[in-house]
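If you want the building blocks of each chain, they are given just below.
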Amino acid sequence: MRNDNNKSKVVDVFIDVDAHRFTADIIKRHSTNRNDIRKVALDGLNVKGCKNILELGCGFGFFTEALKGKVHPDAVVTGVDIIRDYEPLFLEACERAGIKGNFTSLGASVVKDLKDRSVDLVICSYSLYFFPEVVPDISRVLKSDGLLVATVHDRENMNELASFARDVLASSGMLKRDEKLPIETFVSSFSSENGHEILSPWFQDIQVTDYLNKLVFKPGDIYSLMEYFRFKCPFLLSRVTDKVETIFDLLEVHLQKSFTESRSNFTISKDDTIFVCSNPLFGKGAQ
């Protein structure tokens with residue numbers, strides 16, 4: 001199956017707004033790292049002079065809300081996301097942050113239409129793997145003292161669920177055991193491991209901070225684990241074109257049985273990395 005078709009199906013994960021919020025709460029409750037990654041990312045950064053701000057892949061305005069009281073009083077943040085239903089939620093986040101907001105559902109390609117050196121700050125939370133090709137344009141539109149602040153996943157993110165799904169599908173003859181699942185393909189396109197390599201031609205200074213985390217589900221947390229699995233399942237099944245519901249039921253039964261019989265915690269890898277990029281090099285001999 002072509003990669004763009006896979007991407008379209010993976011995007012379906014984020015369309016159900018209520019499910020997305022519910023899953024975000026599950027992640028928060030079961031994380032071993034109790035620090036807010038937004039606060040970790042912004043800690044020590046001077047963004048008080050930032051007026052023109054972009055949040056790429058903005059979703060609910062997760063990152064924008066964390067800018068409350070940190071940016072210029074006249075700041076305007078533009079949320080960019082292909083899911084139109086996020087607009088009212090993003091604008092509500094802007095209100096809570098006390099920042100004027102705009103929203104566009106045209107996607108990250110809008111960056112290509114912005115003027116050179118016109119943006120003070122670009123923030124991006126867990127979405128650069130959808131559009132790594134816009135990094136040169138991010139460098140181009142940022143002012144000389146502008147910043148890119150991005151959070152990305154480690155390549156092993158959610159590896160336990162991916163491995164479980166692969167084993168069940170392979171055992172049923174629906175997938176090759178060495179075949180990558182969409183979550184692995186997308187995360188690897190911009191991850192903790194290759195992010196610096198992708199960014200370094202376009203930014204002179206890159207600060208890297210590891211955010212180590214795991215999701216831990218105890219035996220009594222079977223409901224939360226199954227809800228998390230159900231939400232993430234499109235990542236795992238987007239290459240499967242037939243009998244998706246039947247396959248999902250098969251995976252769900254196997255996961256629940258495995259979790260119940262083990263009588264031990266089910267742990268999911270959730271390590272992330274924060275990249276803070278400054279001194280954009282576009283037009284200064286960038287390669």
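Our subject is the structure that appears above.
This section reports on the structure supplied with the text. Because the structure is a prediction, the values reported are computed rather than measured. (Residues numbered from 1 in each chain as written. Predicted model: local features only at pLDDT ≥ 70, side-chain atom pairs only at ≥ 80, totals over all residues. Heavy atoms only, no water.)

Some remarks on the overall build of the protein
This is how it is decided: Per the convention used, a helix needs a DSSP run of H or I reaching at least four residues, while a strand needs a run of E reaching at least two, with both numbered from the N terminus. Type-normalised accessible area, obtained with a 1.4 Å probe on protein chains alone, sets the label of each residue: buried when under 20%, exposed when over 50%, and partly exposed for intermediate values. What makes two residues a contact is simply this: any of their non-hydrogen atoms within 4.5 Å. Each accessible area value is a Shrake-Rupley result obtained with a 1.4 Å probe; residue values ignore everything except the protein chains displayed when judging cover.
Helix and strand counts for the protein come out as 10 helices and 9 strands. Counting over 287 residues, the protein shows a buried share of 51%. Partitioning the intrachain contacts of the protein with sequence separation of at least 6 by distance along the chain shows that 79% fall at a separation of at least 24. Counting every atom, the protein has about 13800 Å² of accessible surface; 48% of that belongs to carbon and sulfur.

Some details on the environment of Lys 214
Mapped onto the secondary structure, Lys 214 falls in strand β7 (residues 214-217). Accessibility expressed as a relative area gives 38% for Lys 214, which makes it partly exposed. Once the C-alpha coordinates of Lys 214 and Asp 272 are considered, the two residues, 58 residues apart in sequence, prove to be 9.9 Å apart. If we skip the residues at most four places from it in the chain, Lys 214 touches His 30, Ser 31, Thr 32, Thr 267, Ile 268, Ser 269 and Lys 270.

Some points on helix α4 (residues 87-97)
The criterion, for reference: Think of the arc as the fan of directions from the helix axis to the C-beta atoms.
Listing the buried residues of α4 in full gives Leu 89, Phe 90, Ala 93, Cys 94 and Ala 97. Each buried residue of α4 lies within a common arc of 145° when the element is viewed along its axis, so the set occupies one face. The secondary structure elements touched by the buried residues of α4 are α2 (17-30), β1 (52-56), β2 (76-80) and β3 (100-104). A positive backbone phi angle near 70° is found at Gly 98, which sits one or two residues after α4.

As for the nonpolar core
To keep it simple, the criterion reads: Put simply, a nonpolar core is a bunch of buried Ala, Val, Leu, Ile, Met, Phe, Trp, Tyr and Cys residues held in one set by side-chain atoms that sit within 4.5 Å of each other.
Counting 54 residues, the largest nonpolar core has Leu 56, Ile 138, Leu 148, Leu 199, Phe 203, Phe 217 and Ile 268 as its most contacted members. It is helix α6 (residues 159-171) that contributes the most residues to this core, 6 residues altogether. Apart from residues no more than four positions distant in its own chain, Phe 203 is found in contact with Val 135, Ile 138, Ser 139, Leu 142, Leu 148, Cys 277, Ser 278, Asn 279, Pro 280 and Leu 281. By size, the runner-up hydrophobic cluster in this structure holds 30 residues, among which are Val 47, Ala 75, Tyr 86 and Phe 103.

Focus: the pattern of salt bridges
The condition is simple: Salt bridge, as applied in this entry: a Lys or Arg side-chain nitrogen positioned within 4 Å of an Asp or Glu carboxyl oxygen.
Applying the stated rule across the entire model yields 7 salt bridges. The partner of Lys 112 in a salt bridge is Asp 137, and the shortest N-O contact between them spans 3.1 Å. Taken together, the residues span a long stretch of sequence, with Lys 112 in the loop between β3 and β4 (119-125) and Asp 137 in helix α5 (residues 135-141) at a distance of 25 residues. Given a relative accessible area of 14%, Asp 137 falls into the buried group. For the salt bridge of Asp 137 with Arg 140, the shortest nitrogen-to-oxygen distance reads 2.8 Å.

Some remarks on the packing of aromatic side chains
Rules: Working definition: rings of Phe, Tyr and Trp (its six-membered ring) pair if their centres are within 6.5 Å, and the pair is stacked with planes under 30 degrees apart, edge-to-face with planes over 60 apart, and tilted otherwise.
Here the structure, examined in full by the defined rule, presents 5 aromatic pairs. Aromatic pair Phe 60 and Tyr 86: ring centres 5.1 Å apart, planes at 80°, arrangement edge-to-face. With Phe 60 in the loop between β1 and β2 and Tyr 86 in the loop between β2 and α4, the pair connects residues that are 26 residues apart, well separated along the chain. Centre to centre, the rings of Phe 190 and Phe 275 are 6.3 Å apart; their planes meet at 90°, and the pair counts as edge-to-face.

A closer look at unusual backbone geometry
With phi around 55°, Tyr 126 is a residue other than glycine that occupies positive phi space. Along the chain, Tyr 126 turns up in the loop between β4 and α5. At Asn 279, a position not held by glycine, the phi torsion is positive, near 55°. Within the element layout of this structure, Asn 279 appears in strand β9 (residues 272-280). Residue classification places Asn 279 among the partly exposed positions, given a relative accessible area of 32%.

Focus on α2
Put simply, the test is: Helix span, expected: 1.5 Å multiplied by one less than the number of residues in the helix.
Under the 1.5 Å per step criterion, the end-to-end length of α2 is 20 Å for 14 residues, consistent within 8% with the ideal 20 Å. For α2, the full list of buried residues reads Val 17, His 20, Thr 23, Ile 26 and His 30.

As for the side chain of His 30
As for its position among the elements, His 30 is in helix α2. By relative accessible area, His 30 is classed as buried at 8%. Those residues in contact with His 30 that sit more than four places away from it in its chain are Lys 214, Leu 215, Val 216, Phe 217, Asp 221 and Ser 224.

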